[in-house]
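What follows is each chain in one-letter form.
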Amino acid sequence: MTTIHVTGGAPLVGTVHVRGAKNFVSKAMVAALLGETTSRLRDVPDISDVAIVRGLLQLHGVKVSQGADSAELTMDPSDVELAHVADIDAHAGASRIPILFCGPLVHRLGTAFIPDLGGCRIGDRPINYHLDVLRQFGAVVEKLPSGIAISAPRRLRGTKLSLPYPSVGTTEQVLLTAVRAEGVTELRNAAVEPEILDLIGVLQKMGAIISVDTDRVIRIEGVDTLTGYDHRALPDRIEAASWGSAALATGGDVYVRGARQADMMTFLNTFRKIGGAFDIDDEGIRFFHPGGPLHSIALETDVHPGFMTDWQQPLVVALTQAKGLSIVHETVYENRLGFTEALVRMGATIQTYRECLGSTPCRFGAMDFRHSAVVSGPTPLRAAEIEVPDLRGGFSHLIAALAAEGTSTVHGVELIDRGYEHFFAKLEGLGAVVARAEGAMA
Ligand code: EPU
């Protein structure tokens, strides 16, 4: 476990560079499996989730190499082969991306094996929607003690699908499977996050025929073959918002090079309502605290174009510094407020509730999940010893430590490497007082 010490109290000031979105890049890498020729993906961040997917592709015979610019990956899928179950199993627990290998591998090899999935513990995170849609394409799904075996007695067939909830991963599953299935697939209640639209762009470059219709309906006409692609990833709007939240919570001023307004409209509106300020230019967005008190708000997370669940955790830290009562209703994950316990230990006044404290009753209202929170501020924060619970929660704890009086000890920061490229160096570059604990790995 990697431990760092964070001495708070100083505003973050300076520039950080945000590269391609973690939640797009990993899917675009899987899409490379579908092509007959080499794909080239640019602006790939150096994060551990990318390393995991790269390892999985290589296990399946894809030749992956880094370009002269280390942020460029080429992926040659001409020798795709079945991987050894034991090798795939070694990746078990590391990420949720393996589930998206199903469609491409079944098209290429007729069969796929998916290990038990990892990912952040922010809820139960079942894969029932994924397995249901695969079955509807004609795949045979067999649950084994170590994972899931998928096979197809014949070519997968396009089908009419409707999701019970607009799941990001299941929408991607459908896209990656339908593009090479026989006939037309219609997906109702699809998720349409910018990362999904960028994946559709990649698939279109490869030769797919996909239309995004009104009311979140996606229609895919299957084709027999696809080629490789050349694509630059869209920027990571979660990382950009995280640095924006860090600037606000510490009273700082951070220019996020690479941040793109179009993908962040909802975050920017909320940031402004709280009292944060921003300047937008062609290269990025400057987020800063303009002075004066921050204002409390009522916030509800939702699928795109709503306020992203992944923006919620970093922004809640800034809300501890806002005057009055803020209300947060988390409607995407049932268990994404657990990170507030550490904030309370640091001096924040946050109470969580099972009830839906928002205008829209959500799926979790009738269940026993503390998915709403009331934050009362402003409260000074003090240093604490913290263990990183999940990727975004962990980054929020870092922000809290940076805003707090004294030196905090944060354990398990390697989880943050999953989605924040070189976060330690970036923090140092912004003037944060951070140090690796004795014996900690680089
Ligand atoms: N769900 C089911 N059954 C399923 C799939 C999803 O019940 O088969 C539920 C989930 O439990 C959750 C909701 O549907 O309550 C939404 O899950 P979704 O499938 O949309 O999420 P995901 O694809 O697993 C991706 C991102 C998450 C991000 C969500 C929502 C990746 C690798 N992960 O997860 O990112 O929060 O979409 O936007 O793309 C992160 O980056 O920290 C992160 C957690």
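Bear in mind the structure is a predicted one, so any value in this text is a computation, not a measurement.

Quick notes on the rules
In every chain, residue numbers begin from 1 and rise along the written sequence. In keeping with the predicted nature of the model, local features appear solely for residues at pLDDT of at least 70, side-chain atom pairs appear and are counted solely at 80 or more, and the whole-chain, interface and lining totals rest on all residues. Only hydrogens and water are removed before side-chain values are computed, so all heavy atoms of the structure are retained for them. By definition, any uninterrupted DSSP run of H or I lasting at least four residues is a helix, any uninterrupted run of E lasting at least two residues is a strand, and each is numbered from the N terminus. Here the radius of gyration uses the C-alpha set of atoms, whereas the globule reference equals 2.2 Å times the residue count to the power 0.38. Per-residue accessibility, obtained with a 1.4 Å probe over protein chains only, is compared with the maximum for each type, and a residue is labelled buried under 20%, exposed over 50%, and partly exposed between these values. Residue contacts follow a heavy-atom distance rule, with two residues in contact if any of their heavy atoms lie within 4.5 Å. Working definition of accessibility: Shrake-Rupley area with a 1.4 Å probe, residue cover restricted to the visible protein chains. The term nonpolar core refers to a set of buried residues drawn from Ala, Val, Leu, Ile, Met, Phe, Trp, Tyr and Cys, joined through side-chain atoms within 4.5 Å. In this scheme, strands are said to pair when DSSP sees at least two bridges between them. Working convention: axes come from line fits to C-alpha atoms, limited for helices to the stretch in contact. Angles between N-to-C directions cover 0 to 180 degrees. Expected span of a helix: the number of residues minus one, times 1.5 Å. Polar contacts, as counted here, are pairs of nitrogen or oxygen atoms within 3.5 Å of one another; within protein the pair requires one atom able to donate a hydrogen and one able to accept it, and residues that are adjacent in sequence qualify only if both atoms are side-chain atoms. Only protein atoms enter the calculation, which uses a 1 Å grid: trapped sets of points that fit a 1.4 Å probe without letting it out are cavities, open sets showing protein on both sides within 12 Å along at least five of seven lines are pockets, and any residue with an atom within 4 Å of a point is a lining residue. Grid points are joined across faces, edges and corners, and a volume is the space filled by probe spheres set on the points. Under the scheme applied, nonpolar residues are Ala, Val, Leu, Ile, Met, Phe, Trp, Tyr, Cys and Pro; charged residues are Asp, Glu, Lys and Arg; polar residues are all the others, including Gly.

*Asks:* Please set out the overall build of the protein residue by residue, giving values where relevant.
*Replies:* Looking only at helices and strands, the protein features 13 helices and 24 strands. The globule rule puts the C-alpha radius of gyration for 442 residues at 22 Å, and the 22 Å found for the protein is close to it. Overall size of the protein, expressed as C-alpha extent along the three principal axes, is 65 × 50 × 45 Å. Classification of the 442 residues of the protein by burial places 57% in the buried group. Contacts spanning at least 24 positions in sequence make up 74% of the contacts within the protein whose residues lie at least 6 apart. Just so you have it, the protein exposes about 17,100 Å², and 50% of that area is on carbon and sulfur atoms.

*Asks:* Outline the nonpolar core, listing residues and values.
*Replies:* Of all hydrophobic cores here, the largest spans 72 residues; its most connected members are Phe 24, Met 75, Phe 101, Ile 150 and Leu 203. When sequence neighbours within four positions are dropped, the list of residues in contact with Ile 150 reads Cys 102, Val 106, Gly 110, Thr 111, Ala 112, Leu 131, Leu 134, Ala 139, Val 140 and Val 141. In terms of nonpolar packing, the next biggest core, distinct from the first, is built from 68 residues, Phe 307, Leu 398, Ile 399 and Ala 400 among them.

*Asks:* An account of the sheet that holds strand E14 (residues 253-257) is needed here, citing residue identities and associated values.
*Replies:* Taken together, four strands build an open sheet; the order of strands is E2-E14-E16-E15 and the sheet is mixed. Whereas interior strands pair on both sides, the edge strands pair on one side only; in this sheet they are strand E2 (13-17) and strand E15 (277-280). The sheet shows a mean angle of 15° between the axes of neighbouring strands, direction not considered. When E2 meets E14, the two strands line up parallel, connected through five bridges. In the strand pairing of E14, His 17 is matched with Arg 257. Running at roughly 170° to E14, helix H8 (residues 237-249) makes contact with E2, E14 and strand E16 (284-288) of the sheet.

*Asks:* Give a description of the pairing of strand E6 (residues 111-115) that names residues and reports values.
*Replies:* Counting buried positions over the five residues of E6 gives four, a clear majority of the element. As judged from the five bridges shared by E6 and strand E8 (residues 147-151), these two strands associate in the antiparallel manner. Across the sheet, residue Pro 115 finds its bridge partner in E8, namely Gly 147.

*Asks:* Give a detailed account of helix H12 (residues 391-403), specifying residues and quantitative values.
*Replies:* Relative to the 18 Å expected for 13 residues at 1.5 Å per residue, H12 spans 19 Å between its end C-alpha atoms, a close match to the ideal helical length. In terms of burial, H12 is largely enclosed, as twelve of its 13 residues are buried. Looking at H12, one finds that the buried residues are Leu 391, Arg 392, Gly 393, Gly 394, Phe 395, Ser 396, His 397, Leu 398, Ile 399, Ala 400, Ala 401 and Leu 402. The residue sitting at the N-terminus of H12 and contributing the capping side-chain oxygen is Asp 390; that oxygen lies 3.3 Å from the backbone nitrogen of Arg 392.

*Asks:* Would you mind going over the layout of surface pockets in detail, with residue names and values included?
*Replies:* By volume, the largest pocket is sized at about 1,100 Å³. What lines the largest pocket is a set of 46 residues, among which Arg 96, Arg 125, Val 168, Gly 169 and Tyr 333 lie closest to the centre. Those elements that place two or more of their residues in the lining of the largest pocket are helix H1 (22-31), helix H5 (128-136), helix H6 (168-178), H8, helix H10 (309-319) and H12. Each residue belonging to the lining of the largest pocket can be placed in one class, and the counts come to 19 nonpolar, ten polar and 17 charged. Quantified by volume, the second largest pocket comes out at close to 260 Å³. Around the second largest pocket, the lining is made up of 18 residues, and of these Arg 232, Pro 235, Gly 258, Asp 282 and Glu 283 lie nearest the centre. Each residue belonging to the lining of the second largest pocket can be placed in one class, and the counts come to seven nonpolar, four polar and seven charged.

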